[in-house]
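Report on the structure
These are the residues of each chain, in order.
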Amino acid sequence: MDAIFGRQTSRRPFRYDKETAALRKRVLEEISALNLPKKRVGRRWITEERCVRDALELTERLERKMHRRDGRPAVVHSLEVVGAIVELLGVADGDTLEIGALHDDLEDNGVVLARMSKERFAPGDEHDIAVRYLGKNFGTRTANTVDVLTKPPNEPGLSDEEKIQGYCSFIRSFEECGGEELARAIIVKSVDNYCNVMNPCNDVPQMIYSMRKYNESIDILAELSKKYAHLLNVVPRKKGIPEPLSESVLRMLAHAKAETEHWSTRSERAYPGIEE
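Bear in mind that the values here come from a model prediction, so they are computed numbers and not experimental data. (Residues numbered from 1 in each chain as written. Predicted model: local features only at pLDDT ≥ 70, side-chain atom pairs only at ≥ 80, totals over all residues. Heavy atoms only, no water.)

Attention shifts here to the overall build of the protein. Broken down by element type, the protein carries twelve helices and two strands. Across the protein, helices and strands are ordered from the amino to the carboxyl terminus as α-β-β-α-α-α-α-α-α-α-α-α-α-α. Over its C-alpha atoms the protein spans a radius of gyration of 19 Å, differing by no more than 12% from the 19 Å that the globule rule assigns to 276 residues. For the protein, the spread of C-alpha atoms along the three principal axes comes to 55 × 45 × 40 Å. Here the protein holds 276 residues, and 51% of them are scored as buried. Restricting the contact set of the protein to residue pairs at least 6 apart, pairs at least 24 apart contribute 71%. When the accessible surface of the protein is totalled, it reaches about 13,900 Å², and 48% of it is carbon and sulfur. Charge separation in the protein, taken as the distance between the mean sites of 43 positive and 46 negative side-chain charges, equals 8 Å. (Helix = DSSP H or I, 4+ residues; strand = E, 2+ residues; numbered from the N terminus. Rg over C-alpha atoms; globule rule 2.2 N^0.38 Å. Buried < 20%, exposed > 50% of the residue type's maximum accessible area, 1.4 Å probe, protein only. Contact = heavy atoms within 4.5 Å. Areas by Shrake-Rupley, 256 points an atom, 1.4 Å probe, with all protein chains shown as cover. Lys, Arg positive; Asp, Glu negative; His and termini not counted. Charge placed at Lys NZ, Arg CZ, Asp CG, Glu CD.)

Okay, structure coming up:
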């Protein structure tokens with residue numbers, strides 16, 4: 001494993017505010033309680049718990065100077081996604097949790113990841129190098145699914161409606177991968193949308209745009225969850241959960257859908273005409 005990871009470096013742990021530190025502690029405890037098995041990464045056998053912790057640590061390093069619009073550390077979102085995958089859906093699958101921790105890294109820090117690989121690359125090759133780096137450290141399945149979840153940048157000059165349609169088309173493109181990658185992509189993107197909806201930003205125009213976007217994307221994710229329920233329902237979960245995973249995802253998405261409509265109604269009343 002690369003020397004950036006906790007068990008091979010003397011780097012001091014990151015310091016966060018009390019709320020973020022408490023969230024991180026709770027998520028790590030949830031992961032530890034799953035008793036995840038080992039997985040093969042290259043020629044090495046590593047516990048999945050260690051891989052998930054390494055994935056979170058990598059994201060922490062990449063986002064250490066980044067903040068969300070509400071002022072919280074950017075890594076809070078990845079912690080919330082991983083926590084929701086375990087707590088709301090009961091998923092006990094190391095690959096899915098790693099993907100949740102890493103899902104924004106190629107999109108937000110692909111160039112940095114490529115540089116961390118220490119491979120030489122020409123301009124334009126950063127993405128492929130970064131994917132290969134993730135594959136080396138977390139396994140091909142994880143890297144490929146993070147790649148699937150990485151949205152290409154928008155073309156300049158697009159209207160909000162065109163951006164929303166582009167985002168929805170991007171989610172529909174998940175079907176091109178199939179199998180385990182498709183199942184994990186649906187799970188992580190559904191949780192990603194849920195967490196973003198439940199923690200809206202403070203910028204009113206951006207919040208209204210985001211709620212419109214997620215209102216449409218949630219419908220597509222619900223459609224995919226129903227269509228590929230047979231794939232979702234074989235993803236490992238905690239013992240003793242009678243509800244199929246696909247139904248848990250749909251219930252979570254329904255909650256998020258209602259929240260987008262609630263915010264849209266409030267915004268129209270408080271800020272009439274802001275979308276024009």
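Within the fold, arginine 44 resides in strand 2 (residues 44-47). With a relative accessible area of 27%, arginine 44 lands in the partly exposed category. In the structure, arginine 44 is positioned 93 residues away from asparagine 137 in sequence and 10.0 Å away in space, judged by C-alpha atoms. Only 3.2 Å separates the side chain of arginine 44 from the backbone oxygen of lysine 136, close enough to count as a polar contact. (Polar contact = N/O pair within 3.5 Å; in protein donor to acceptor, adjacent residues only side chain to side chain.)

Within this model, the largest pocket holds a volume of roughly 1,000 Å³. Considering the residues around the largest pocket, the lining is formed by 38 residues, among which Asp104, Glu107, Asn196, Lys213 and Tyr214 are closest to the centre. Within the residue set of the lining of the largest pocket, elements represented by two or more residues are helix 3 (75-87), helix 5 (105-116), helix 8 (160-172), helix 9 (179-198) and helix 10 (204-227). Take the lining of the largest pocket: its biggest share by element is seven residues, from helix 10. Residues that form the lining of the largest pocket fall into these classes: 14 nonpolar, eleven polar and 13 charged. (1 Å grid on protein atoms, 1.4 Å probe; cavity = no way out; pocket = protein on both sides within 12 Å on 5 of 7 lines; lining within 4 Å. Points joined across faces, edges and corners; volume = space filled by probe spheres on them. Nonpolar A, V, L, I, M, F, W, Y, C, P; charged D, E, K, R; others polar.)

The tendency in soluble globular proteins is for nonpolar side chains to be buried as a group. Formed by 75 residues in total, the largest nonpolar core has its most connected members in Leu113 and Leu134. For this core, the element with the most residues is helix 9, which contributes ten residues. Leaving out residues up to four positions away in the same chain, leucine 134 has contacts with Leu58, Leu102, Leu106, Leu113, Gly139, Ala143 and Val146. (Core = buried A, V, L, I, M, F, W, Y, C linked by side-chain atoms within 4.5 Å.)

Our focus in this paragraph is unusual backbone geometry. Of note in this structure, asparagine 35 is not a glycine but carries a positive phi near 55 degrees. Within the fold, asparagine 35 resides in the loop between helix 1 (18-33) and strand 1 (38-41). A positive phi angle, close to 65 degrees, is found at lysine 118, a residue other than glycine. Relative to the elements of secondary structure, lysine 118 occurs in the loop between helix 5 and helix 6 (126-138). Judged by its relative accessible area of 76%, lysine 118 is exposed.

This paragraph deals with the packing of helix 5 against helix 6. As a packed pair, helix 5 and helix 6 sit with axes 8 Å apart at the nearest point and diverge in direction by 80 degrees. By the angle between their axes, helix 5 is roughly perpendicular relative to helix 6. The segment helix 5 lies against helix 6, with Leu106, Gly110, Val111, Leu113, Ala114 and Met116 engaging Glu126, His127, Ile129, Ala130, Val131, Tyr133 and Leu134. Class assignment of the residues belonging to the contact of helix 5 with helix 6 gives a composition of ten nonpolar, two polar and one charged. (Axes fitted to C-alpha atoms, helices over the stretch in contact; angles between N-to-C directions. Parallel < 35°, antiparallel > 145°, perpendicular 65-115°, else oblique.)

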